[in-house]
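# Inside the fold
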Amino acid sequence: MNNQLRAFTDSCVLCGICTEVCPFYIATGNAKYGAMAKVEASGALFRGSSIGDEDLKTILLCTRCDHCQSACPTNIPVADIVQEARAELRKVKRVPDKYNSIAEAIIRSGSPMGTPTEKRRAYVPEGFQSPKKARYLYVPGCWSGIRLPETARASVELMIKAGIDFTILGDRE
Ligand code: SF4
Ligand code: SF4
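Residues numbered from 1 in each chain as written. Chains lettered and ligands numbered in written order. Predicted model: local features only at pLDDT ≥ 70, side-chain atom pairs only at ≥ 80, totals over all residues.

This paragraph deals with the site of ligand 1. Near ligand 1 there are 16 residues, and of these Cys22, Ala35, Cys62, Cys65 and Cys68 occur at the shortest range. Breaking the shell around ligand 1 down by element, the ones donating at least two residues are α3 (23-28), α4 (35-46), α6 (67-71) and α7 (78-91). For the shell around ligand 1, the per-class residue count stands at 11 nonpolar, 2 polar and 3 charged. (Near = placed C-beta within 6 Å. Helix = DSSP H or I, 4+ residues; strand = E, 2+ residues; numbered from the N terminus. Nonpolar A, V, L, I, M, F, W, Y, C, P; charged D, E, K, R; others polar.)

At a minimum axis separation of 9 Å, α4 and helix α5 (residues 53-60) run at an interaxial angle of 115 degrees. Here the hand of the crossing between α4 and α5 comes out left-handed. Residues Ala37, Lys38, Ala41, Ser42 and Ala44 of α4 form the contact with α5, whose participating residues are Asp55, Thr58 and Ile59. Here the contact of α4 with α5 is composed, by residue class, of 4 nonpolar, 2 polar and 2 charged. (Axes fitted to C-alpha atoms, helices over the stretch in contact; angles between N-to-C directions. Left-handed = near helix turned anticlockwise from the far one by under 90°. Contact = placed C-beta atoms within 7 Å.)

Let us now look at helix α1 (residues 3-11). Within α1, the full set of buried residues consists of Leu5, Phe8 and Thr9. Axial view of α1: buried residues confined to an arc of 100 degrees, hence all on one face. Those residues of α1 that are exposed and angled more than 90 degrees off the buried face are Asn3, Gln4, Ala7, Asp10 and Ser11. Tucked inside the fold, the buried residues of α1 contact α4 and α7. (Buried ≥ 20, exposed ≤ 12 C-beta atoms within 10 Å, placed from the backbone. Arc of directions from axis to C-beta.)

For the rest of this paragraph, the subject is the environment of Gln129. Tracing the backbone through its elements, the reader meets Gln129 in the loop between α9 (117-120) and β1 (136-138). Put simply, Gln129 and Ile146 are 17 residues apart on the chain and 20 Å apart in space, counted from C-alpha to C-alpha.

Turning to the site of ligand 2, a few remarks are in order. Around ligand 2, the structure places 15 residues, and the nearest of them are Cys12, Cys15, Cys18, Met36 and Cys72. Looking at which element gives the most residues to the shell around ligand 2, the answer is α4, with 3 residues. Across the shell around ligand 2, the residue classes break down as 13 nonpolar, 2 polar and no charged.

Take the domain arrangement of the protein chain next. Taken domain by domain, the protein chain holds domain 1 (3-95) and domain 2 (117-172). A straight line from the C-alpha centre of domain 1 to that of domain 2 covers 36 Å. (Domains from an automatic or database assignment.)

Let us now look at unusual backbone geometry. Look at Arg64: it is not a glycine, yet its phi comes out positive at around 60 degrees. Summarising the element assignment, Arg64 is placed in the loop between α5 and α6. Backbone geometry at Lys93 places phi at a positive 55 degrees, although glycine is not the residue there. Inspection of the secondary structure assignment puts Lys93 in the loop between α7 and α8 (97-109). Judged by local crowding, Lys93 falls into the exposed class, with 7 C-beta atoms found within 10 Å.

Pasting the structure below:
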């Protein structure tokens, strides 16, 4: 375990300023899903205490956007603490099965949904030749590329029309 991150959880003064800017608190209005609750839950985990389902859930709900650290008066790296806590969850076998399935799908097929490469490339407009080098790389991600390929295709067509120097991952999609 990273002792410095553990020490950060002890130095948190529980002021709650970070909670106000955390997107999970903003979306739910539930302080338990805000940044301060993640620091508290992580601290408990680091100290070897057993944590409940809500503590587990709040550790899993973090995009690592870093809004909390920017707001924290003592610059506590909440996202790094959460990441360390997730590693700890794995050690104590508290990672929910569905998260393990996602990790296995990524290892197996390169996609969290287990979607084969040909299907992930289906959004690419016919005849589009991606240059080997370009100023920008367009990565539609799973949601646009797989679930809403028409939006990814429209983005590519728009960039072609706008004359933007871009490429895509192609076979590494
Ligand atoms: S990094 Fe995580 S805890 Fe911090 S504001 Fe973003 S989502 Fe919330
Ligand atoms: S803003 Fe910083 S000190 Fe205050 S609760 Fe959040 S992490 Fe702790």
